[in-house]
Amino acid sequence: EHGQVSLERAPLQPVLASAIQACQVKAGEKRIRVALSCEAGIAGPINPRLLEQAVVNLIDNAVKYSEERGEVLVAAQSVPGELRIVVTDHGCGIEPDHLPRLFERFYRVDKARSRQMGGTGLGLAIVKHIAQAHRGRVSVESEPGKGSRFTIHLPL
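What counts, and where the lines are drawn
- Residues numbered from 1 in each chain as written.
- Predicted model: local features only at pLDDT ≥ 70, side-chain atom pairs only at ≥ 80, totals over all residues.
- Heavy atoms only, no water.
- Helix = DSSP H or I, 4+ residues; strand = E, 2+ residues; numbered from the N terminus.
- Buried < 20%, exposed > 50% of the residue type's maximum accessible area, 1.4 Å probe, protein only.
- Contact = heavy atoms within 4.5 Å.
- Areas by Shrake-Rupley, 256 points an atom, 1.4 Å probe, with all protein chains shown as cover.
- Pairing = 2+ DSSP bridges.
- Axes fitted to C-alpha atoms, helices over the stretch in contact; angles between N-to-C directions.
- Core = buried A, V, L, I, M, F, W, Y, C linked by side-chain atoms within 4.5 Å.
- Salt bridge = Lys/Arg side-chain N within 4 Å of Asp/Glu carboxyl O.
- Left-handed = near helix turned anticlockwise from the far one by under 90°.
- Nonpolar A, V, L, I, M, F, W, Y, C, P; charged D, E, K, R; others polar.

**Observations concerning the overall build of the protein**
Scanning the protein for helices and strands turns up five helices and seven strands. Helices and strands appear in the protein in the N-to-C order β-α-α-β-β-α-β-β-α-α-β-β. For the protein, buried positions account for 46% of its 156 residues. Taking all contacts inside the protein whose residues are at least 6 apart in sequence as the whole, residues at least 24 apart take part in 71%. As displayed, the protein offers around 8500 Å² of accessible surface, 50% of which is attributable to carbon and sulfur atoms.

**A short note on the sheet that holds strand β4 (residues 71-79)**
Here five strands make up an open sheet; going across it, the order is β2-β4-β5-β7-β6 and the pairing mixed. In this open sheet, the two edge strands, each paired with only one partner strand, are β2 (33-37) and β6 (137-143). For this sheet, the mean inter-axis angle between neighbouring strands, taken without regard to orientation, is 15°. Inspection of the sheet shows β2 paired to β4 by five bridges, in the parallel sense. Residue pairing in the sheet places A35 in a bridge with L73 of β4.

**With respect to the nonpolar core**
One finds L12, I59 and I152 to be the most contacted residues of the largest nonpolar core, which totals 41 residues. Elements that contribute at least two residues to this core include exactly α1 (13-22), α3 (48-64), β4, β5 (82-89), α5 (123-133), β6 and β7 (147-155). When residues of this core are assigned to their parent elements, the largest contribution, nine residues, is made by α3.

**A look at the pattern of salt bridges**
Where charged atoms from two side chains of opposite charge approach closely, those side chains can pair. Enumeration according to the criterion identifies seven salt bridges in this entry. With a closest N to O distance of 3.8 Å, R149 and E141 form a salt bridge. For E141, a relative accessible area of 48% gives the class partly exposed. When salt bridges that share partners are traced, they join K26, D60 and K64 into one network.

**Here's the deal with the packing of α3 against α5**
Two elements in contact, α3 and α5, have axes separated by 9 Å at closest approach and are oriented at 145°. Classified by chirality, the crossing of α5 by α3 is left-handed. Between α3 and α5, the residues in contact are L50, L51, Q53, A54, N57, L58 and N61 and G123, L124, I126, V127 and I130, respectively. When grouped by side-chain class, the residues that make up the contact of α3 with α5 number eight nonpolar, four polar and no charged.

**Let's talk about unusual backbone geometry**
Notably, R31 is not glycine yet its phi reads approximately 55°, a positive angle. Checked against the element boundaries, R31 lands in the loop between α2 (24-29) and β2. The partly exposed category is assigned to R31, whose relative accessible area is 49%.

And the structure:
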């Protein structure tokens, strides 16, 4: 939000691996496997520290709202014109009427549950602002009872 962010051409794989590592303790407590799918050669103009924070926020939410012994997949792909970082879970999912407001500051889908789990309602707003600092955007697809798929779209 405070202006320009310096971007450098860097590989995504180490950034995503580091984000996964930062979430291993919480994932381990619920016996959730966090898998990475990213070819070593995928790279783009990024701020590694900021992008790692965005991915940590997405993984943390995926773990938080997944059942014990579940799986979270972190994947990166290069498509014409953009890099995509996708975090997929098979957790509780999100009702469609919440999706338009999901990236607002302090917005919580389930206020009581979020408070109980330590949520502030800022994590997804931070992800959105980090994506925008990379001149990109974030999107979500979700189905109640089936899980969610959050995608960070970064222009090449």
